[in-house]
Amino acid sequence: IRTDHEIKAPPNAGLQKAITAYLKPIKDQVPEVSWADLIQLAGAVSVECMGGPVIPMKYGRLDGEPKELVPPPFGLPAAMPPFQQPGVKDSNDPAEHLRFVFYKYGM
């Protein structure tokens, strides 16, 4: 989610700040850690801090640049309301949207 093509896609709405304000200072201090590992770590820690499950980590991902751009939304739901998934009662409720997305994967 570091390229403009990815960061500006609807499923990644709001993540630009996470990359530039929170993760880039860490990446600058520890350049040997890949962006891929750093982003996965941030996601896993965020889920755990919000009361979700501990997500096992495997490190060693390599950063890459997409050679062929896939059109957004990459098969993912949009991250900003209104949410259009069937079964979501309030299409403007971000918490309900997240529960729907995580629950369908058994989380």
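Residues numbered from 1 in each chain as written. Predicted model: local features only at pLDDT ≥ 70, side-chain atom pairs only at ≥ 80, totals over all residues. Heavy atoms only, no water.

Just checking my understanding: could you explain the environment of Leu69 for this structure?
As for its placement among the helices and strands, Leu69 is situated in the loop between helix H3 (35-49) and helix H4 (94-103). Taking the C-alpha atoms as reference points, Leu69 and Pro25, 44 residues apart in sequence, are found 28 Å from one another. (Helix = DSSP H or I, 4+ residues; strand = E, 2+ residues; numbered from the N terminus.)

Please clarify how a nonpolar patch on the surface should be interpreted in this entry.
A surface patch of nonpolar side chains, amounting to about 270 Å² of accessible area, comprises Leu41, Val45 and Tyr59. Assignment of secondary structure puts Val45 in helix H3. What makes Val45 partly exposed here is its relative accessible area of 40%. (Patch = residues over 30% accessible without salt bridge, like charges linked within 9 Å, V, L, I, M, F, W, Y side chains within 5 Å. Areas by Shrake-Rupley, 256 points an atom, 1.4 Å probe, with all protein chains shown as cover. Salt bridge = Lys/Arg side-chain N within 4 Å of Asp/Glu carboxyl O. Buried < 20%, exposed > 50% of the residue type's maximum accessible area, 1.4 Å probe, protein only.)

What is the right way to read the side chain of Asp37 from this model?
By secondary structure assignment, the location of Asp37 is in helix H3. Using a relative accessible area of 7% as the deciding quantity, one classes Asp37 as buried. Sequence-distant contacts of Asp37, that is, excluding residues within four places in its chain, are made with Met57, Lys58, Tyr59, Gly60 and Arg61. (Contact = heavy atoms within 4.5 Å.)

How do you make sense of the side chain of Thr3 when you look at a structure like this?
Checked against the element boundaries, Thr3 lands in the segment before helix H1 (4-7). Since its relative accessible area comes to 16%, Thr3 is described here as buried. In terms of polar contacts, Thr3 uses its side chain to reach the side chain of Glu6, at 3.0 Å. Beyond its immediate sequence surroundings of up to four residues, Thr3 is in contact with Glu65 and Pro66. (Polar contact = N/O pair within 3.5 Å; in protein donor to acceptor, adjacent residues only side chain to side chain.)

Note that every value here comes from positions in space, so none of it alone points to a role or purpose.
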